[in-house]
Amino acid sequence: MTKAGPERAAFEARYLLEECFGLNRAGLILHADRQVNNHEQEAFLALVDQRRRGLPLQYIVGKTHFWSRDFILTPDVLIPRPETEFLVEQALARIRESWSQSEHLRLLDLGTGSGVIADVLADELGCTVIGVDISWPALQVAWRNIHAHGLTGQVSLLCADMFSAFSRETTFHAIVANLPYVETEGREKLDREVVDHEPALALFAGPDGLACYRRCIAEAGTHLCAGGLLVLEIGAAQGEAIANLLARHGFVDIAISHDYAGLPRCACACKG
C-alpha cells in the first residue's frame, strides 16, 4: 500500500477500514469478529487499490483534518498541510496584536483553495473574510466547507485572478495568501503523490517560484488600509527574496517566521 514501511501501511489500512465501515479505532476492535459481506469487502479493496495506485488518503476518503475540524477535499484543491496551520497561527497572532476589535475587520484570503484559511480566520476572529481563487472547482469545494461549518454569513467567495475583481477603493485590514510558490524546475523534488495527484495550478509559480508573489506584493498595498497586514506562506528558501520584494514595494515591519521544523515559512509585513 505504501513504501513508508509496515507501520505506516498498517495505519493506512486501519484508516481505510474505519472510513469504509464508519467506525473509529475502538469500534474496529469491538467488532473485530464481525463477518463482512462481499459488497463490503469489494468496497474496502477498491479503496486499497486507489491507495496502491498512489492516490493520497485524503482524496480517497474525501476529507482532511485541519485546525481541529474536518474539511471536505477533492483533487481540485491542495491537501492542507501543517505549514498552512503555522501560517494561520501567525496571521491570527499578528491580527489580534494590531486590532483589539477583530469582529469589525475585513480580511482577504488569496488563493483560498479548499477554504481552510478563510474558514478558520472567520471563525476565530468573528470577522468577515473574502476568499478568492482562480479555480472555479476549488471554490465549489471551499463553499461546501464554509457551508458545513455555518460560516456563510461571514465568508464570501469570488472566482478571480488575485485582485482583478476589486476596484482600487476596495481595501482590507489584512490580506493572507497561500499562493503557488514551488519553482517549475522543482517538480522532481516533490513526492510523486503530490506531482501526480494535486493540482499543478496551485503548486507551481515559474522558474524561481516567485511569480505569483511578485504580483501579489506589487498590488497588495493598493488594497490594504493604513497599517494593514500582508501575511504570506512562503517556500523554505524564499525568505530573503520575499523580504526584499516587500521592502521594495514600501512595506515595513517585515518579519520572516520559522515553522516548527526551523524553516522560513511565513512572511508578514505592514503597509508603509
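These figures come from a predicted structure and were not determined experimentally.

What's the story with the packing of aromatic side chains in this structure? I'm lost.
Centre-to-centre distance and the angle between the planes together describe a pair of aromatic rings. Scanning the entire structure with this criterion turns up four aromatic pairs. Seen from their ring centres, Phe-86 and Tyr-260 are 5.5 Å apart, and the 80° between their planes marks the pair as edge-to-face. Taken together, the residues span a long stretch of sequence, with Phe-86 in helix 5 (residues 82-98) and Tyr-260 in the loop between strand 8 (251-258) and strand 9 (264-271) at a distance of 174 residues. Using a relative accessible area of 69% as the deciding quantity, one classes Tyr-260 as exposed.

Which parts of the structure should I look at to understand the packing of helix 9 (residues 211-220) against helix 10 (residues 239-248)?
Taken N-terminus to C-terminus, the directions of helix 9 and helix 10 make an angle of 25°; their axes are 9 Å apart at the nearest point. Taken together, the axes of helix 9 and helix 10 lie roughly parallel to each other. Handedness of the crossing formed by helix 9 with helix 10: right-handed. Contact residues: helix 9 offers Tyr-213, Arg-214 and Ile-217, while helix 10 offers Ile-242, Leu-245 and Leu-246. For the contact of helix 9 with helix 10, the residue count by class is five nonpolar, no polar and one charged.

Conventions and cut-offs
Residues numbered from 1 in each chain as written. Predicted model: local features only at pLDDT ≥ 70, side-chain atom pairs only at ≥ 80, totals over all residues. Heavy atoms only, no water. Phe/Tyr/Trp six-rings, centres within 6.5 Å; stacked < 30°, edge-to-face > 60°. Helix = DSSP H or I, 4+ residues; strand = E, 2+ residues; numbered from the N terminus. Buried < 20%, exposed > 50% of the residue type's maximum accessible area, 1.4 Å probe, protein only. Axes fitted to C-alpha atoms, helices over the stretch in contact; angles between N-to-C directions. Parallel < 35°, antiparallel > 145°, perpendicular 65-115°, else oblique. Left-handed = near helix turned anticlockwise from the far one by under 90°. Contact = heavy atoms within 4.5 Å. Nonpolar A, V, L, I, M, F, W, Y, C, P; charged D, E, K, R; others polar.

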